[in-house]
Amino acid sequence: MREEFILNDQLSATGIDPSFAIPLGYTTLNLGDIERAFDSENFIYNEQEAVFAFVYRQEIARLSASQLGLISSQEIGFDVALSDGQATVLNALPAGQTFEFSYPAEIDLSFENGPEIETVTFNNGFLTLTVASTLPQNAEGTLSIPALTLDGAPLQMPISIAANSTLEIEVDLNNYVLDLTQGSSGYNYLLVNVDLAITSSGAPASGGDGVSFELTFDFNAFESIYGYLGTPPAYTFLDTQYVDLFKNLIDGTLFFAEPRIDLTISNTSGVPFEINLSGVFAPENQVETELGGPDLTNIPTIIAAPSPGLVETTLHTITSQGTSPSLSTVLQEGPFELLYETNVQINPLGNVQNWLLDSSYLACTAELFLPFYCYADNFAIADTIDLDFASILGNDGEGPIDWQDVKRMQLRLVADNGLPIEMFGQVYFTDSLYNVIDSLYFDSNSAFLASGFIDFSLPPSHPDHGRVLSETRTIRDSELTRDEITVLLNENAKKVILKARSNTSGASTQELVRFYPEYELKMKLSAKIDTQIEL
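Enquirer: I'm lost on the overall build of the protein chain in this one. Help?
Expert: What the protein chain contains, in helices and strands, is eight helices and 35 strands. Looking at the protein chain alone, contacts between residues at least 24 apart form 84% of all its contacts between residues at least 6 apart.

Here it is, written out as structure tokens:
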């Protein structure tokens, strides 16, 4: 007796127990599914009634206060020497008596690239004092720096040095404040006072004998700096932004009409900056490998933050209209990565009042924004599904159907497509090592999935321009004979690979379409099984 079991596209069975049918399914794919698949690494802009977009975010430059190195460590040296007259007076003293004198050292500090420093508050680091004596007598005294204070008290360093010897003293500068404004210029001025008492030993001293002092300040160990920080050479940064979207495309054309790169520049310092992109490169491209144009260089000056604890944010957008070649053209080649070369210049406006905290930074983040207002022509995608034919058809003795009774099988796919894409493709059955056993199902020269309906007669200014107005239903049938199924079983088919080429609707004439998050594709799979059951 021959029976024909049919499962219709509503997944209902007539006259049979549905458990004897091949397992069938219903699925709905919407852009929210794509969002969940990509959001682990990329941000998806997905808001109702807004064009769906991929956003790739990458910090392309960061300059911390410690990286600036605007004022270097300073080594300050001076000598305190006896004149001929002072040596005569010292030599006339009885042994054990002292000769006292004072010496003020006025020092104008000089920093590379022209900083004019007013105050520095230290949170770390040390002041190192090295003392070397050429006197034939012992000396004691004090070195004081009135402008270097701790809780308002000036630094005083006691000195006790033997004849013809050296001495090193180290002071922890944590919480010290250095005020360099006391000179006539109002910056970079340091006064050091030395008071010495030389004890006569009977050994003769000569004019020119004395004590040399060398002070080393670690200005990089600061909590805050106020003043003008100069104009050092520009800083250059190289960073890479990966565009995973193009890695999922085998070939073909994907053209974005309105891509953009949004720069967000955050400044937490009291220093203005100038930023420009000396280049944005697509090293994998074959034709257009470098992006240029005014949008890369006409970035507004990054103004200083108003005060400590606040952030000054500057926004700038790079578009196809302001780039050459256009950003759309560079992206049309499908680069997997973009390489940004960023130059940062400090104080582009010249001498202005600055401040800098040890926690200050400048950061520039690039967001590659790819709104799906585009066309895609002949781009290829592939996907793999695990399959166990033996289990499905009961050849393992556990399935709902006895394989010996199966004569042939017909599969039906019903798809309601609300996406603006059509698909051409082929299904391949492979073993576990991806060796192709057989193929079926779709004519590669005709679309197996028709695009949703779009009215291309609407002008670009119309709100529905490029928008899917209604779903399109496609019904596809494919038959597997018993001989074909036998081959799949004997060759141990374990995987199904779908290779599809897709176009957006109207891509051949470069019609632009829009993708919205409410778009969805609904698919139902049903089967008709012919069996021969002997009673």
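Read on, since the account is not over.
Enquirer: Would you take a moment to explain the sheet that holds strand β17 (residues 253-256) for this structure?
Expert: Backbone-to-backbone hydrogen bonds pair the strands of a sheet. The strands run either parallel or antiparallel. Sheet architecture is open: three strands sit in the order β17-β25-β34, paired in antiparallel fashion. Of all strands in the sheet, those with a lone pairing partner are β17 and β34 (513-514), marking the two edges. As paired elements, β17 and strand β25 (residues 373-377) share four bridges and run antiparallel to each other. Directly across from Leu 254, in β25, lies its bridge partner Ala 376.

Enquirer: Would you take a moment to explain the pairing of strand β22 (residues 337-346) for this structure?
Expert: It is a general feature of regular strands that their side chains alternate between the two faces of the sheet. Where strand β16 (residues 235-242) lies against β22, eight bridges are found, and the strand directions are antiparallel. Directly across from Thr 236, in β22, lies its bridge partner Asn 343. The pairing of strand β19 (residues 273-281) with β22 spans eight bridges and is antiparallel. Note that in β22 the partner of Asn 276 across the bridge is Asn 343.

Enquirer: What should I look at first to understand the pattern of salt bridges in this one?
Expert: Two side chains that carry opposite charge are able to pair once their charged atoms sit near each other. For the structure shown, the criterion picks out five salt bridges. The closest approach of N and O atoms between Arg 260 and Asp 262, which form a salt bridge, is 2.9 Å. The class for Arg 260 is partly exposed, based on a relative accessible area of 27%. Among the ionic pairs, Arg 473 bridges to Asp 416, the shortest N-O distance being 2.8 Å. Of this pair, Arg 473 sits in strand β32 (residues 472-481) while Asp 416 is found in strand β27 (residues 406-417), placing the two residues 57 residues apart along the sequence.

Enquirer: Is there a simple way to explain the sheet that holds strand β5 (residues 74-81) in this structure?
Expert: Taken in spatial order, the four strands of this open sheet run β5-β14-β8-β11, and their pairing is antiparallel. For this open sheet the edge positions go to β5 and β11 (166-172), each flanked by a neighbour on one side alone. When strand polarity is set aside, the average angle formed by the axes of neighbouring strands in this sheet is 15°. Where β5 and strand β14 (residues 210-217) come together, eight bridges link them in antiparallel fashion. Residue pairing across strands places Gln 74 opposite Phe 217, the latter belonging to β14.

Enquirer: Which parts of the structure should I look at to understand the nonpolar core?
Expert: Most often, soluble globular proteins have nonpolar side chains that are buried together. If you look at the biggest cluster of nonpolar residues, it comprises 108 residues, and the most contacted ones within it are Leu 143 and Phe 217. When near neighbours in sequence (up to four residues on either side) are disregarded, Phe 217 contacts Ser 73, Gln 74, Ile 76, Phe 122, Phe 126, Leu 127, Ile 145, Leu 148, Leu 173, Leu 178 and Leu 190.

Enquirer: Got a minute to help me understand the confidence of the model for the protein chain in this structure?
Expert: Low-pLDDT portions of the prediction should not be read for the details of their coordinates. For the protein chain, mean pLDDT is 82; residues scoring 70 or higher make up 81% of the total. Ranking the helices and strands of the protein chain by mean pLDDT puts strand β21 (residues 312-319) first, with 97, and strand β1 (residues 2-6) last, with 37. Ignoring residues within four places in sequence, the model shows residues 1-21, a span with pLDDT below 50, making 49 contacts including any to other chains. Segment residues 35-44: pLDDT under 50, and 18 contacts once partners within four positions in sequence are set aside and those in other chains are kept.

Enquirer: Help me understand the environment of Lys 495, please; the structure alone is not making it clear to me.
Expert: Position of Lys 495 among the secondary structure elements: in strand β33 (residues 495-504). Along the chain, Lys 495 and Asn 435 lie 60 residues apart, while their C-alpha atoms are 9.6 Å from each other.

Conventions used here
- Residues numbered from 1 in each chain as written.
- Predicted model: local features only at pLDDT ≥ 70, side-chain atom pairs only at ≥ 80, totals over all residues.
- Heavy atoms only, no water.
- Helix = DSSP H or I, 4+ residues; strand = E, 2+ residues; numbered from the N terminus.
- Contact = heavy atoms within 4.5 Å.
- Pairing = 2+ DSSP bridges.
- Salt bridge = Lys/Arg side-chain N within 4 Å of Asp/Glu carboxyl O.
- Buried < 20%, exposed > 50% of the residue type's maximum accessible area, 1.4 Å probe, protein only.
- Axes fitted to C-alpha atoms, helices over the stretch in contact; angles between N-to-C directions.
- Core = buried A, V, L, I, M, F, W, Y, C linked by side-chain atoms within 4.5 Å.
- pLDDT = per-residue confidence, 0-100.

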